[in-house]
Amino acid sequence: RAFIHATNLLSSRLRTANMSESSPAEVFAKISEKDEKSGKWMILSLNKKKKAVVDATGDGLESLRKAFDEGKCSWALFRVHGVDVQENVTSTRPKLVQINWVGEKVSAFAKMGALEGKQKVSKIFKGIGNE
């Protein structure tokens, strides 16, 4: 039987990233590391120059939910662990889930930019098969 196992999903830890601190690719690499724990996440958006920037990082599903901005188009990456329990062996595989967010207060014109951003973010979120 397979099920999703994520630790600390209700954790409220959130860190607003200093954009000059880490590039989106560096944060993605950290979340993708083999031994990284489940529940880690990052949120990207496009700045005025249409470049992907890290808005926030954190730990836990609840803090991710709270970090989304109703006035922005954003893209999040959330790490979960898929656990397959068999009679003789238990296998744990990390999975990365992409979330495409369009806030309720985003203008119709800005919503059109969500597709452009999605393409840029897909170059950073390498190996994401399903969204």
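Higher on the page you've got the structure.
Because the structure is a prediction, the values reported are computed rather than measured.

Q: How should the overall build of the protein be read in this particular structure?
A: Helix and strand counts for the protein come out as three helices and six strands. The linear arrangement of helices and strands in the protein, starting from the amino end, is β-β-α-β-β-α-β-β-α. The buried share of the protein, reckoned over its 131 residues, is 36%. Sequence separation of 24 or more characterises 66% of the internal contacts of the protein that already satisfy a separation of 6 or more. For the protein, the exposed surface amounts to about 8,300 Å²; the carbon and sulfur share of it is 54%.

Q: Could you clarify how one ought to interpret the pairing of strand β6 (residues 90–102) in this entry?
A: Regular strands place side chains that alternate from one sheet face to the opposite one. With 13 bridges joining them, strand β5 (residues 73–85) and β6 adopt antiparallel strand pairing. By the bridge assignment, Gly 82 is partnered in β6 with Arg 93. What sits between β5 and β6 in their antiparallel hairpin is a turn of four residues.

Q: Which parts of the structure should I look at to understand the packing of aromatic side chains?
A: Each aromatic ring pair is described using two quantities: the centre-to-centre distance and the angle formed by the ring planes. Counting across every chain of the model gives two aromatic pairs. Relative to Phe 125, the ring of Phe 28 has its centre 5.8 Å away and its plane inclined at 25°; by these criteria the two rings are stacked. One end of the pair, Phe 28, is in helix α1 (residues 24–32); the other, Phe 125, is in the segment after α3 (108–124), and 97 residues separate them in sequence. By the burial criterion, Phe 28 is buried, and Phe 125 matches it. Judged by centre distance (4.5 Å) and plane angle (20°), the rings of Phe 68 and Trp 101 are stacked. With a gap of 33 residues between them, Phe 68 in the loop between α2 (61–67) and β5 and Trp 101 in strand β6 connect regions that are remote in the sequence.

Q: Would you take a moment to explain α3 for this structure?
A: It helps to recall that an α-helix has 3.6 residues per turn; residues three or four apart then point in one direction. For α3, with 17 residues, the first-to-last C-alpha span of 26 Å sits near the 24 Å given by 1.5 Å per residue. Considering bend angle alone, the principal kink of α3 is centred on Leu 115 and spans about 25°. Those residues of α3 lying buried are Ala 114, Gly 117, Val 121 and Ile 124. Buried-residue contacts for α3 involve α1, β3 (40–46), β4 (52–59), β5 and β6.

Definitions and limits used
- Residues numbered from 1 in each chain as written.
- Predicted model: local features only at pLDDT ≥ 70, side-chain atom pairs only at ≥ 80, totals over all residues.
- Heavy atoms only, no water.
- Helix = DSSP H or I, 4+ residues; strand = E, 2+ residues; numbered from the N terminus.
- Buried < 20%, exposed > 50% of the residue type's maximum accessible area, 1.4 Å probe, protein only.
- Contact = heavy atoms within 4.5 Å.
- Areas by Shrake-Rupley, 256 points an atom, 1.4 Å probe, with all protein chains shown as cover.
- Pairing = 2+ DSSP bridges.
- Phe/Tyr/Trp six-rings, centres within 6.5 Å; stacked < 30°, edge-to-face > 60°.
- Expected span 1.5 Å × (residues − 1).
- Bend = angle between axes of the 7 residues up to and from the residue.

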